[in-house]
Structure formats: structure tokens, C-alpha cells
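Remarks on the overall topology
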Amino acid sequence: MRQRVLIAGTSPLLAGRLAARCLAGTPGAEVVLVSAALSRPGQAAPDRRELARFVAGCAGEGESAEAFGAERLSVVCAEPHAVAAELKAWAAEQVWCVVPGWDRSPARGARADAVLTGALLGALPDLGARGYVHVGPDTAADEDRAHRALERLVVEACLDAGVSWRVLRTPPVVDARAPALGECPPGAHRLLRALHSVRAEIEDRAPGWFERHPLRVAGWAGLGLSLLDAERAAAELWRAGAPGELPDGFATVPRPAPVPLADVLARGGAVHGIDVRPVPEGESLGAEDRLLDLRLAEVRRHAVPLGNRTGPEEREGALPPAPGTGASAAPPLSPAAQWDLFGAVRACQSSRREVREPELRRRVVDVAGRALVLWDGGNGEGTPLLVLNALGQGPGFLNRLCAHLAPYHRLATWQVRGTEREDPDWGVPRQLDDIEAVLEAVGWERAHLLGWCTGAKIATAFQQRRPEAVASLVFLNATFRQDGHWDGMDTKYESDLAAVCRALDRRPEKAARMLDLLAPGAVGGKGGSRGDRDAGVLGVLSPALADEVRRPFRDAEVLVRYARQLVDLWRLDSAAQAPRVTVPTLFVSSEFDGISSPARAREAARRFPRARYAELAVAGHYAPHDRPALVAELITEFVRAPHEVTGLVRDAEITWHIDGEGAAR
């Protein structure tokens, strides 16, 4: 009977490389690779075929590549909570649990790692395992109590079961294929991801901007990153835990000497076409610099002082050198190797399958004797999402957000009515009728209701009309402008728009002369709550939204209809409705929103009994378009666990002003 090894992990990158090591180095062994990677917007987990190809490619890198056989590899993909059920179909002599703690959310990652570890330990008797290897992160105990607690659980469970055990620890790794697997280990990968994402967000607004402008960074002096090649880490781990007569105990993969962070950043910037310039600590940074600084915050936390030359081989439990190597630790990657690696990661980032517009089916239904156009589709179980656009706007503003949500949720959206020439007056009551019609058309009895901009007030009103039909409310860059409430909080744009709309409501014949007052540039192209200069290029409207912005202002008749819709909406008493909203509510606003007042949204949120309020740093009104992955992650975690979202989504770009019931900050 062939020896069977089961390798399960929340990191398909590391678990896959260990599977390749086993197949190439253990003749005749069968490997069951169980990927328990969490999949979420912006970081999709690989499927079975992708993992099988990755393992085959890794086996091809070793000297024993000819020993690799695809027929000896079985791949299972399951969410952590579903792994226990999958294990019932297998038996294995040795079990590996690979939980290196690389999730961007420590709380979410610790939970997934604990669930996977518990499932494997609980299945040991049924699996028939004689050995168990636990791979966790190499961090100080006081930095990662959750993983140290898992290690204690492993030792106790193995002692009770009479199973030999090894607890191994590894630093973060670097691997050119990590982006293709949806992985981003701490350290160098998150630095490269920050550079890639900042470039993409700025180039979307202003192509060619980086040809003329550098990005400045501060606070990097005296710090470094250890660049540990993933293949070497896997080799060290396999050597320490491979099947055989190994003593129980602990061991740690040695860390290479750190490379100065300034050098890593300069090389990473160069391969991304960004001129990154260090500046003294305390020097003021522009909005673009701040965005990079925020995305590098976690990298700085994982950096080590360059003056600390204590080698990992000197620490208790460090792995001894491999026979014949003559070295106790991996040397740092050479500059040439760093260039090659960073360039390969950059190529992988660029070639990775882009998130496309969701494949939603278009339908036309009759409501109140007139056609209503809606789109629905998506995947996922659970309560679906109903996406309410702003008055007068087309679906283009939310296409990117829906594309990131569709793989995880069923969703529906529709063309908000009332501004087309053939439309009669379409006030708030008719907008609520349309929501009911959409729910009926898609066959949903209950949904999470997402309202963008003016859609937030209409969503609130619908929850009051049909409370049983609304599971939760999500407000994106919401405007809660209301006659007689929250006065003095208008943005400049809101003040100007209010004056124009009220004038047009009284004197519609002036519409043609007022069109120029609301040109696309004034509708969010450069607005910033702290002024245009602060927002910089991040206040520039993406060209992809230019036509959408013009929709309510394309001619005088449409403008009049739009103005009257807004005047009607401002009469809606959301201040009185808010305290009666009993469902969880999430507000997502932006620091540089020059259209919908973040200050008013924050004050409105305090009236909702179960509200959370998150503000995105150096973002504008169109954050759902500009940062769809981050906004989609907020939405996904909120609708799954509204009471835990503030702990699960911790990001330097997000400030939680209201993070729990009654916990306003």
C-alpha cells in the first residue's frame, strides 16, 4: 500500500510547494492537497486545476522532477469550515497543517487557521495518522498569541492521540507565482502590491502621471526585510517534517539577513515604473504619497532593525544546517536576484486575470405602465444584494463594484427612473414602488440593500415601508441632505447644487443657461472636502466615468427633471426614520468626498441604532469605482457578520468612527 500524506493549508502557495516536495522526494507517495484558502473580493483563491498546475510546476524545479506523477496527487478546495466534512473521504499516515498566518486581516486569518487546525486534529483517529506536522508563523509569542495557542493545542491533542508531532515555524516568503494564486504574504509581497495598486489607481485617472511625478516615502531609515525564497522555505520545512523517525519538537526556518527597506522599495518602484524617493521623517506628504504610505504601513510593521544581526540559527529551536551546505542560514537575495524576482511578480500582477464586468442578465419589466430595465445574476449562497444607484445616474458608476461582488453574492440593480424625457414626475414613493417591483421580478423575499449617494435615503425609506424585506443597509458615499436638519455641513458642491435645483424648480426655463454651472469637472472631477490641492490627482475624475457624470446634465429638460427629483428627496425626513431602523447598517464614506458631505453622513449614522461608520482615507466620491475590491470586501464581511466587521476589516486606509452599537469615536 502506498504511503499517503495529507497536506492541508490556508496558504495554497506554501502547501502546494510542500506537496511538490513530497511527490518529488518520496517515491511512490500519494499526496492529498487540501486548500482551505479564504476567497474574497480582490483576492480569489485558486481552484483545483490551478493548484494542480502549480504543484506540477514546482516539482519541475527540483532535481527529482521525473519522479513527479499527476496520478499521485489529489486536490481538494474547501472553505475552512467545510474541511471536516471533506476529510471523511480520506486516510493518511502523515498529516500536515499549514497555517502561516498570512491573511491581511489578523482576526479573520486566526479564525480560519483555528478552524482548519481543529478539523485536522479532530480527524486524526479516523484518518489513521501516525504523524502530525504543524507549520505556523515565526513571530514572537506576544505578537501572535493565537498561533502560539494553536501550537499548544496541537501538542496536547497529539499526546492524547498517541501521534508523533512536529511544530515548525516559518518567516514570510517571496515567490514569483504568489499573485497568480491570489496570495500576498507579509513583507516584500505587500510592498510590491502597494506599488502596483497605487500605480493602477492613479493611472486610471491620469495616464502617464508617473512619467512626470515621483512618490515620496518617509520613515524607512534603519529598517530591512528578510527575503526568504518560498522554495527554500519549503525545502527546509520538508527536511524537518518529512515522514520518518523524527523526534517530537519545535524547529524554525532560518531567516536570511535583512535587505535595507530603502533598497527593496527603490527596486520595487523601478520595476513598476515609479520613481520612489525617500524623504526625512516628518516632511509633509501629498495625497498620492499618503496613499502609498498607508498601503505600506503593514510592511513597516514587519520590518526589522538593520542593526539587529542576531542570526536565526542562534535562536532556540532554529533548524540546523542541511547536510553538506556548510551554512547555517540562507544568504540574502542578491541585487540581481531581487530584480529578477520583483520583475516576475510585476509580470504576474499584470497578467493576472482582470475582474471583468459581471455577466448580469438584462431584463425589462413593466411597472406602473412603463418599462423598467434591471440586471441580475451573480453567485453565492445566502441573502442577495439589491444595489440602488443614485438618482439620475446610469449603471456605469457601480460596474466595477458589482464585478467584485458578483462571484460571492447574487445581486440585482436597475436603471433608476425619473430623468428621461418620456418619464413623468417620479418622486420618492414611485422609487420605492420600483424597489418592490425589482424584488418581485427577481423572486427575492429579502435582500441586503445597498444605496449609493442619494440611494441611501431612498433605501432607508424602503426599509421603513417593508422592514421584513431588508436584511441590512449599506450606504456608500451617502448624501443625507435634508431640509432643516444637519445644516451647515454642505460641501461646496452641495450648496451650489441646492441653489441651482431650487431655482430650476421655480423657473425651469432657466435650465439651458445653468447647464454650464454643473459641468462634469464640478460634479466630482476635482472636488475634495479639504480643497482641490489636498486631493491632488486622487481628486481627478476617471475618464471611464465621464459619460456617466454627464447623464443628468446632457440637456435642459433632463436637468429640470433631475433638479425636481433632488428637491423632492431633500424633503424626505430621514432624521425621523433613522432611529426606527432595526437592521444593521454600514456607512462607507471618503475623506476627499467633495459631493456628499462625510460630516453629515457621520452625524446621520449616529441616529441609526445599529450603525458602523467607516471612512476611506485619500478617497473621493467615486470610491466604489476607484477602490472596488476594498469596498466589496467591506460589504462582503459586513453582510456575513455585521457585528464583527470592524474587527475583521482592519486596514490603514479605513478609519472606523463608529465601530459598534453606541461606540462612537
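Up top is the structure.
In this text the structure is predicted, and so the values were computed from the model without any measurement. (Residues numbered from 1 in each chain as written. Predicted model: local features only at pLDDT ≥ 70, side-chain atom pairs only at ≥ 80, totals over all residues. Heavy atoms only, no water.)

Thoughts on the sheet that holds strand β10 (residues 259-260)
The three strands are arranged β10-β8-β12 in an open sheet whose pairing can be described as antiparallel. Of all the strands in the sheet, the pair left with one neighbour each is β10 and β12 (304-305). Taken together, the two bridges between strand β8 (residues 223-225) and β12 define a ladder with antiparallel strand orientation. For G224, the partnering residue across the bridge sits in β12 and is V304. (Pairing = 2+ DSSP bridges. Helix = DSSP H or I, 4+ residues; strand = E, 2+ residues; numbered from the N terminus.)

Some words on the environment of P598
With respect to the secondary-structure elements, P598 resides in helix α21 (residues 598-605). A relative accessible area of 10% means that P598 is categorised as buried. P598 sits 121 residues away from N477 along the chain, and the two C-alpha atoms are 7.5 Å apart. Discounting residues that sit within four places of it in the chain, P598 has contacts with S589, S590, D593, Y613 and E615. (Buried < 20%, exposed > 50% of the residue type's maximum accessible area, 1.4 Å probe, protein only. Contact = heavy atoms within 4.5 Å.)

Section: the pattern of salt bridges
Proximity of charged atoms lets side chains of opposite charge pair with each other. Scanning the model with the defined rule gives 50 salt bridges in all. Between D433 and R465 there is a salt bridge, with the nearest N and O atoms lying 2.8 Å from each other. Of this pair, D433 sits in helix α13 (residues 428-442) while R465 is found in helix α14 (residues 455-465), placing the two residues 32 residues apart along the sequence. On the basis of relative accessibility, which here comes to 36%, the residue D433 falls in the partly exposed class. Taking the relative accessible area as the measure of exposure, R465 reaches 33% and is therefore partly exposed. One salt-bridge network, held together by shared partners, links R40, D103, R104, R108, E633, E637, R640 and D651. (Salt bridge = Lys/Arg side-chain N within 4 Å of Asp/Glu carboxyl O.)

Describing the side chain of T10
Topologically, T10 is positioned in the loop between β1 (4-9) and α1 (12-25). When near neighbours in sequence (up to four residues on either side) are disregarded, T10 contacts A36, A37, V98, V99, P100, A112, D113 and L116.

Overview of the packing of aromatic side chains
Enumeration according to the criterion identifies 14 aromatic pairs in this entry. Ring geometry for W452 against Y622: centres 6.1 Å apart, planes inclined by 45°, an arrangement best described as tilted. Pair noted here: W452 is in strand β17 (residues 447-452) and Y622 is in the loop between β20 (611-616) and α22 (623-626), with a separation of 170 residues, a long-range link. Each member of the pair W452 and Y622 is classed as buried. Between F475 and F608 the ring centres are 5.7 Å apart and the planes differ by 70°, which places this aromatic pair in the edge-to-face class. Note that F475 is positioned in strand β18 (residues 470-476) and F608 in the loop between α21 and β20, a separation of 133 residues in sequence. For F608, a relative accessible area of 4% puts it in the buried group. An aromatic cluster is defined as three or more aromatic residues linked by ring pairs; in this entry it consists of F475, F480, F587, F608 and Y613. Lying over the aromatic face of W426, R430 brings its terminal NZ or CZ to 4.7 Å of the ring centre. Of note, R481 hangs over the ring of W570, and the distance from its end group to the ring centre comes to 4.7 Å. (Phe/Tyr/Trp six-rings, centres within 6.5 Å; stacked < 30°, edge-to-face > 60°. Lys NZ or Arg CZ within 6 Å of the ring centre and 35° of its normal.)

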